[in-house]
Amino acid sequence: MIKNNYLLIAFLLFAPLFFKSQNTGIDKGIAIGNILIQGYSALRGNGKVEDPNAKAVESLCFKNKMDDKISISLVGKIEDDDIKKELVIPKESKECTYNLPKGIYTYEIILANKEVYQKGEYKVSEETVMTINKQ
């Protein structure tokens, strides 16, 4: 009886060496699928967790859907520091400003002919992409 148990254990230990798995294609397909899903999630930023206590946002971006280039002026006073950002965005392009301190900013969107298209205030509190469209 003991001899049979040793034979069974030896068979179970060495069986994988003699028999090739029948589902290697399925295993490879699942592994490739996982890699593709993880890569897609990384590109979309799904795994990214924003720190609510951060004093700055990673980026504030603007997309220009107007007929010509635009200029954007951001001005803010955050903790006694004057912050000024100027962006020139070509037609059908996107420009960003990075590590922008959180706070309330006044903005002006200026057209290529120097006409003020829009102005106001915006509270910067999280990473954002704004699209400037024709009205």
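On a predicted model such as this, the values are computed, not experimentally measured, just so you know.

*Asks:* Please clarify how the pairing of strand β6 (residues 116-124) should be interpreted in this entry.
*Replies:* If a strand is regular, its side chains alternate between the two faces of the sheet. Relative to β6, strand β5 (residues 103-111) runs antiparallel, the two sharing 8 bridges. Residue pairing in the sheet places Y107 in a bridge with G120 of β6. Hairpin connection from β5 to β6: 4 residues lie between these consecutive antiparallel strands, with K114 at a positive phi of about 75°.

*Asks:* I'm lost on the pattern of salt bridges in this one. Help?
*Replies:* Opposite charge on two side chains makes pairing possible when the charged atoms of those side chains draw close. Tallied over the full model, the rule gives 4 salt bridges. Ionic pairing is found between K55 and E79, a salt bridge with its closest N-O pair at 4.0 Å. Of this pair, K55 sits in the loop between α2 (24-44) and β1 (56-64) while E79 sits in the loop between β2 (70-78) and β3 (81-89), and the two are 24 residues apart along the sequence. Of the two residues examined, K55 and E79, each falls in the exposed class. Salt-bridge contacts for E92 lead to K65; the nearest nitrogen and oxygen are separated by 3.7 Å. In this pair, E92 sits in the loop between β3 and β4 (94-101) while K65 sits in the loop between β1 and β2, placing the two residues 27 residues apart along the sequence.

*Asks:* Honestly, the side chain of T97 in this entry has me stumped. Any pointers?
*Replies:* With respect to the helices, strands and loops of the structure, T97 is situated in strand β4. By relative accessible area, which is 6% here, T97 ends up buried. The residues touching T97, leaving out its near neighbours within four places in the chain, are E58, S59, L60 and K85.

*Asks:* Would you mind showing me how to read the side chain of T128 here?
*Replies:* Mapping T128 onto the fold places it in strand β7 (residues 128-132). Relative accessible area serves as the criterion here: at 17%, T128 is assigned to the buried category. Within polar-contact distance, the side chain of T128 engages the backbone oxygen of E126 at 2.8 Å. Look past the residues within four positions of T128 in its chain and what remains in contact with it is S59, L60, C61 and Y122.

*Asks:* What should I look at first to understand the sheet that holds β5 in this one?
*Replies:* Strands belonging to one sheet form pairs held by backbone hydrogen bonds; the direction of such a pair is parallel or antiparallel. The strand order across the open sheet formed by 4 strands is β3-β2-β5-β6, and the pairing between neighbours is antiparallel. Here the strands that pair on one side only, and so sit at the sheet edges, are β3 and β6. With strand direction ignored, the average angle separating the axes of adjacent strands in the sheet is 15°. Where β2 and β5 come together, 7 bridges link them in antiparallel fashion. Paired with I72 across the strands is I109, a residue of β5.

*Asks:* Mind showing me how you'd approach the environment of K114 here?
*Replies:* You can see K114 is positioned in the loop between β5 and β6. Considered as a pair, K114 and I70 are 44 residues apart in the sequence and their alpha carbons are 9.0 Å apart.

Rules used in this analysis
Within each chain, residues carry numbers counting from 1 in the order of the written sequence. Per-residue local features of the predicted model are confined to residues with pLDDT of at least 70, and side-chain atom pairs are confined, for both listing and counting, to 80 or more; whole-chain, interface and lining totals are unaffected and use all residues. Excluding hydrogens and water, the side-chain figures rest on all heavy atoms present in the structure. When DSSP locates at least two bridges between a pair of strands, those strands are taken to pair. Helix numbering and strand numbering both begin at the N terminus, where a helix is a DSSP run of H or I of at least 4 residues and a strand a DSSP run of E of at least 2. One speaks of a salt bridge when a side-chain nitrogen belonging to Lys or Arg is within 4 Å of a carboxyl oxygen belonging to Asp or Glu. When a residue's accessible area, from a 1.4 Å probe over protein chains only, is under 20% of the maximum for its type it is buried; when over 50% it is exposed; and in between it is partly exposed. Pairs of residues are marked as contacts when any of their non-hydrogen atoms sit within 4.5 Å. Pairs of N or O atoms within 3.5 Å make up the polar contacts considered here, provided that, within protein, one atom can donate a hydrogen while the other can accept it, and that residues adjacent in sequence are counted only when both atoms are side-chain atoms. Note on geometry: axes are C-alpha line fits, over the in-contact stretch for helices, and angles between N-to-C directions span 0 to 180 degrees.

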